[in-house]
Amino acid sequence: MTKYNIPVQVPVGVSNKHIHLSQNHLEQLFGPGHKLTELKPLYQPGHYACKEVLTIAGPKGIIPNVRVLGPLRSQTQVEVSRTDSYLLGIKPPLRDSGDLEGSAGCILMGPKGTVVLEEGVIIAARHIHCSPEEAEALQLKDKDRVNLSVAGERSVIFNNVLVRVAHGLRLELHVDTDEANASFLGNSDFAYILEKSTEKEAIPLVVKEFQKV
Ligand SMILES: [Zn+2]
């Protein structure tokens, strides 16, 4: 196991619920020929929040004004927290981005139309992004896992966090609002990589031996 003598500081990005759209769905929801309008850039180069918002509907409720993020993707992906999912009355699985097969469905409502999404709603698994140069400096490869610590009054350890290495991206930890709230994390905070995990998957901690008192 690679253990860093000095923990590696990583900026935290808290992902609120958001929507990535396919070209097809964009036009169904906002009208033929519609183009995404950039509202503000995100921390990751090339990624941006859009002026466009949608309403997500489920069997139990709706969430209006959910931000669309650009650029477009090959498949529509809706990312919500577990708290959001209770409000909607759906049961999205915890997944890595892009792994959508058999995920939950919802209805997306836009100004010019509605899309019934059979699948595509997930609770995104926490992950860190980094560039190939940063990965090399940290002796990490794409799909490695790391353990991170969050300091503060609600200090936690995030185990087996997926590492995603890609050109043009930079070091950042992505957690959802439930994880951020549980650990009092905000967008200007930092987490610290303690070590490379020996796990190749996000295996839940299993307590094999314990005592009762
Ligand atoms: Zn991310």
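Fair warning: this is a prediction, and the values are worked out from it, not measured in the lab.

Analysis parameters
Residues numbered from 1 in each chain as written. Predicted model: local features only at pLDDT ≥ 70, side-chain atom pairs only at ≥ 80, totals over all residues. Helix = DSSP H or I, 4+ residues; strand = E, 2+ residues; numbered from the N terminus. Buried ≥ 20, exposed ≤ 12 C-beta atoms within 10 Å, placed from the backbone. Contact = placed C-beta atoms within 7 Å. Core = buried A, V, L, I, M, F, W, Y, C linked by C-beta atoms within 7 Å. Domains from an automatic or database assignment. Nonpolar A, V, L, I, M, F, W, Y, C, P; charged D, E, K, R; others polar. Arc of directions from axis to C-beta. Pairing = 2+ DSSP bridges. Axes fitted to C-alpha atoms, helices over the stretch in contact; angles between N-to-C directions.

Novice: Help me out: how do you make sense of the overall build of the protein in this one?
Specialist: A tally of regular secondary structure across the protein gives four helices and 14 strands. Taking the principal axes of its C-alpha atoms as reference, the protein extends roughly 55 × 45 × 30 Å. Within the protein, the fraction of its 213 residues that count as buried is 33%. Restricting the contact set of the protein to residue pairs at least 6 apart, pairs at least 24 apart contribute 70%.

Novice: Would you mind going over the nonpolar core with me for this structure?
Specialist: In this structure, I19, L54, I56, C106 and V121 are the most contacted members of the largest nonpolar core, which totals 23 residues. Of all the elements in the fold, those that place two or more residues in this core are α1 (23-30), β4 (48-57), β5 (62-70), β8 (104-109) and β9 (114-124). Ignoring any residue separated from it by four or fewer positions in sequence, one finds L54 in contact with I19, L29, V66, V68, L108, M109 and G110.

Novice: How should I be thinking about the domain arrangement of the protein in this particular structure?
Specialist: Buried accessible area, meaning the area lost when the parts come together, often serves as the stated size of an interface. Taken domain by domain, the protein consists of domain 1 (3-13 + 126-196) and domain 2 (16-124). For domain 1 and domain 2, the distance between their C-alpha centroids amounts to 24 Å. Between domain 1 and domain 2, the residue contacts involve 11 residues of the former and 11 residues of the latter. Looking at the side of domain 1 that touches domain 2, the elements with two or more residues in it are β10 (127-130), β13 (172-176) and α4 (177-182). Counted by class, the side of domain 1 that touches domain 2 contains two nonpolar, five polar and four charged residues.

Novice: Help me understand α1, please; the structure alone is not making it clear to me.
Specialist: Note that an α-helix has 3.6 residues per turn; residues three or four places apart therefore point the same way. Where α1 is concerned, the buried positions are H25, L26, L29 and F30. Seen from one end, α1 has its buried residues packed into an arc of 110°, which puts them on one side. Those residues of α1 that are buried are in contact with β4, β8 and β9. Of the residues one or two after α1, G31 is the one with positive phi, at around 105°.

Novice: Whenever I open this one, the pairing of strand β3 (residues 38-41) confuses me. Can you help?
Specialist: When a strand is regular, its side chains alternate between the sheet's two faces. Sheet analysis places β3 next to β4, joined by three bridges and oriented antiparallel. Considered in β4, the bridge of E38 is made with C50. Taking the residues that link successive antiparallel strands as the turn, the β3-β4 hairpin has six residues, and the phi of G46 there is positive, at about 90°.

Novice: It is not clear to me how the environment of K3 should be interpreted in this structure. Could you clarify?
Specialist: Assignment of secondary structure puts K3 in strand β1 (residues 3-15). C-alpha of K3 to C-alpha of E134: the two residues are 131 residues apart in sequence and 16 Å apart in space.

Novice: I'm lost on unusual backbone geometry in this one. Help?
Specialist: A cis amide bond links G70 to the next residue, P71, at an omega of 5°. With respect to the secondary-structure elements, P71 resides in the loop between β5 and β6 (77-79). If you check the backbone angles, N65 has positive phi at about 60° while not being a glycine. For N65, the location among the structural elements is in strand β5.

Novice: In this structure, what is going on with the environment of P41? I would like to understand it.
Specialist: Note that P41 resides in strand β3. P41 sits in the exposed class, given 12 other C-beta atoms within 10 Å. With 74 residues separating them in the primary sequence, P41 and V115 have C-alpha atoms 26 Å apart.

Novice: Would you mind showing me how to read the sheet that holds β13 here?
Specialist: Strand pairing in a sheet relies on backbone hydrogen bonds. The paired strands run either parallel or antiparallel. On the basis of which strands lie adjacent, the closed barrel formed by six strands has the order β1-β13-β10-β12-β11-β14 and mixed pairing. Ignoring which end each strand starts from, the neighbouring axes of this sheet average 40° apart. In this sheet, strand β14 (residues 190-196) lies alongside strand β11 (residues 145-150) in antiparallel orientation, the contact comprising four bridges. Among the inter-strand pairings, V146 is bridged to a residue of β14, identified as K196.

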